[in-house]
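Secondary and tertiary structure notes
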Amino acid sequence: MSNLDTLATACTAQALIDSPLGRVRLARTTRGLAGLWFEGQRHHPGELPAPHHRDDPLLREAALQLQRYFAGPQARFDLPLDLFGTPFQRAVWQALLRIPAGRTSSYGELAHAIGKPAAARAVGAAVGRNPVSVVVPCHRVLGAGGALTGYAGGLERKRALLELEECLKTRERVEAGVVLYFPRFTARARGSV
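Our subject in this report is the structure included herewith. Every chain is numbered independently, its residues counted from 1 as its sequence is written. At least 70 in pLDDT is required for a residue's local features to be given in this predicted model, at least 80 for side-chain atom pairs to be given and counted, and no such filter applies to totals for whole chains, interfaces and linings, which use all residues. Derived side-chain values reflect all non-hydrogen atoms in the structure, with water molecules and hydrogen atoms excluded from consideration.

1. Here we look at the side chain of Arg 157
In this text, helices come from DSSP runs of H or I with a minimum length of four residues, and strands from runs of E with a minimum of two, each type numbered from the N-terminal end. Turning to its location among the elements, Arg 157 is positioned in helix H6 (residues 155–164). An unpaired buried charge is present at Arg 157: no salt bridge exists, and Glu 39, the closest side chain of opposite charge, is 6.6 Å distant. Among the polar contacts listed, one links the side chain of Arg 157 to the backbone oxygen of Leu 21, at a separation of 2.7 Å. The cut-offs for exposure are 20% and 50% of the maximum accessible area for each residue type, with area from a 1.4 Å probe on protein chains only; residues under the lower value are buried, those over the upper are exposed, and the others partly exposed. When charges are tallied, Lys and Arg are placed among the positive residues and Asp and Glu among the negative ones, while His and the ends of the chain are skipped. One side-chain nitrogen of Lys or Arg within 4 Å of one carboxyl oxygen of Asp or Glu is enough to make a salt bridge. Two N or O atoms form a polar contact when they lie within 3.5 Å of each other; inside protein one atom must be a possible hydrogen donor and the other a possible acceptor, and for residues adjacent in sequence the pair counts only when both atoms belong to side chains.

Rendered as structure tokens:
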């Protein structure tokens, strides 16, 4: 049984919400938030067998914190998490949680942080399988030399998230067209929960 299969059977509620970067599926277990996937994201579980409960207290709080995150500099989440993955994946995801807002890391730095300096590729694979996008900030991981690489939700979303957190240098934002990218979504974010 895969981690997604285990997650699917453990979920007790789910909700679909709109965000400035597209539709999001939130999922929870009895222990905490277990999923936050953008529609079309790689490794998206699809429809879960859990009932849809937009008014579930934890899912509602997750949606509210996500809305605040997109509306301004509230780059911090305070939610119980229940992350389904291998011990290695969970170690990588815990390391992601230690990357502060406004900062980035590389796959190599994460590999060192978890005590596996030769495992940068495996770290990259684990980062890509992060089941709780944005809250577990896999978007803050860049390739060697600061290259904007891989994001299961798509590089356009990664750029927007990094721009929101002011992680990209001004030159990179202008060259990538990111300066205009995120603001065009913010008007739609307000009141979309």
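2. Some points on the packing of helix H3 (residues 87–97) against helix H5 (residues 120–128)
A fitted line through C-alpha atoms represents every axis, and for helices the fit uses only the stretch in contact; the resulting angles, taken between N-to-C directions, go from 0 to 180 degrees. It is at 9 Å that the axes of H3 and H5 come closest, and there the two elements cross at 80°. The angle between H3 and H5 places the two elements in the roughly perpendicular class. Of the residues in H5, those touching H3 at Phe 88, Gln 89, Val 92, Trp 93 and Leu 96 are Ala 122, Val 123, Ala 126 and Val 127. A per-class count over the contact of H3 with H5 returns eight nonpolar, one polar and no charged. When an angle is under 35 degrees it counts as roughly parallel; over 145 it counts as roughly antiparallel; between 65 and 115 it counts as roughly perpendicular; any other value is oblique. Should any heavy atoms of two residues lie within 4.5 Å, those residues are counted as being in contact. Residues are grouped as follows: Ala, Val, Leu, Ile, Met, Phe, Trp, Tyr, Cys and Pro are nonpolar; Asp, Glu, Lys and Arg are charged; all remaining types, including Gly, are polar.

3. Focus: the nonpolar core
Judged by nonpolar contacts, the single largest core of 40 residues is most densely connected at Leu 26, Leu 33, Leu 96, Leu 110, Val 127 and Val 134. At the level of secondary structure, the elements contributing two or more residues to this core comprise strand E1 (13–19), strand E2 (22–28), strand E3 (33–38), helix H2 (57–71), H3, helix H4 (107–113), H5 and H6. Of the residues forming this core, the biggest block, seven residues, is contributed by H2. Residues contacting Leu 110, with those up to four places away along its chain left out, are Ala 95, Leu 96, Ile 99, Ser 105, Val 123, Val 127 and Val 141. In terms of nonpolar packing, the next biggest core, distinct from the first, is built from eight residues, Leu 7, Ala 8, Ala 27 and Ala 34 among them. To qualify as a nonpolar core, a set must consist of buried Ala, Val, Leu, Ile, Met, Phe, Trp, Tyr and Cys residues joined through side-chain atoms within 4.5 Å.

4. Focus on the side chain of Ser 133
Of note, Ser 133 is situated in the loop between H5 and strand E5 (141–142). Given the relative accessible area of 1%, Ser 133 is considered buried. With sequence-adjacent residues up to four places away left out, Ser 133 is seen in contact with Leu 36, Phe 38, Gln 41 and Tyr 151.

5. Notes on the packing of aromatic side chains
Pairing of aromatic rings covers Phe, Tyr and the six-membered ring of Trp, with a centre-to-centre limit of 6.5 Å; geometry is then stacked below 30 degrees between planes, edge-to-face above 60, and tilted otherwise. Across all of its chains, the model carries two aromatic pairs by this definition. Note on Tyr 69 and Phe 70: the rings are 5.4 Å apart at their centroids and 75° apart in plane angle, and the pair reads as edge-to-face. Residue class for Phe 70 comes out buried when judged on its relative accessible area of 3%. Measuring from centroid to centroid gives 5.3 Å for Tyr 69 and Phe 77, while their planes differ by 35°, and the two rings are tilted. The same class applies to Tyr 69 and to Phe 77, which are both buried. Taken together, the ring pairs connect Tyr 69, Phe 70 and Phe 77 into an aromatic cluster.

6. Notes on the pattern of salt bridges
When the charged atoms of two side chains with opposite charge come close together, those side chains can pair. If you walk through the whole model with that rule in mind, you get five salt bridges. The shortest N-O distance in the salt bridge between Arg 23 and Asp 18 comes to 2.8 Å. Looking at Arg 23, the relative accessible area reads 31%, which means it is partly exposed. Accessibility expressed as a relative area gives 39% for Asp 18, which makes it partly exposed. Residues Asp 82 and Arg 31 are paired through a salt bridge, measuring 3.8 Å at the closest nitrogen-oxygen approach. Within this pair, whereas Asp 82 is found in the loop between H2 and H3, its partner Arg 31 is found in the loop between E2 and E3, the two being separated by 51 residues in sequence. Relative accessible area serves as the criterion here: at 9%, Asp 82 is assigned to the buried category.

7. Digging into H6
Where burial is concerned, most of H6 is hidden: seven out of the ten residues are buried. Inspection of H6 places Arg 157, Lys 158, Ala 160, Leu 161, Leu 162, Glu 163 and Leu 164 among the buried residues, and these make up the whole buried set.

8. Thoughts on the sheet that holds E1
A sheet is described by the order of its strands in space; here three strands give the open sequence E1-E2-E3, paired in antiparallel fashion. The open sheet has two edge strands, E1 and E3, and neither has a second partner. On average, adjacent strands in this sheet sit at an angle of 20° to one another, irrespective of strand direction. Here a strand pair is declared whenever DSSP counts at least two bridges between the two strands. With seven bridges connecting them, E1 and E2 associate as antiparallel partners. Each residue of the ladder has a partner; that of Leu 16, found in E2, is Arg 25.

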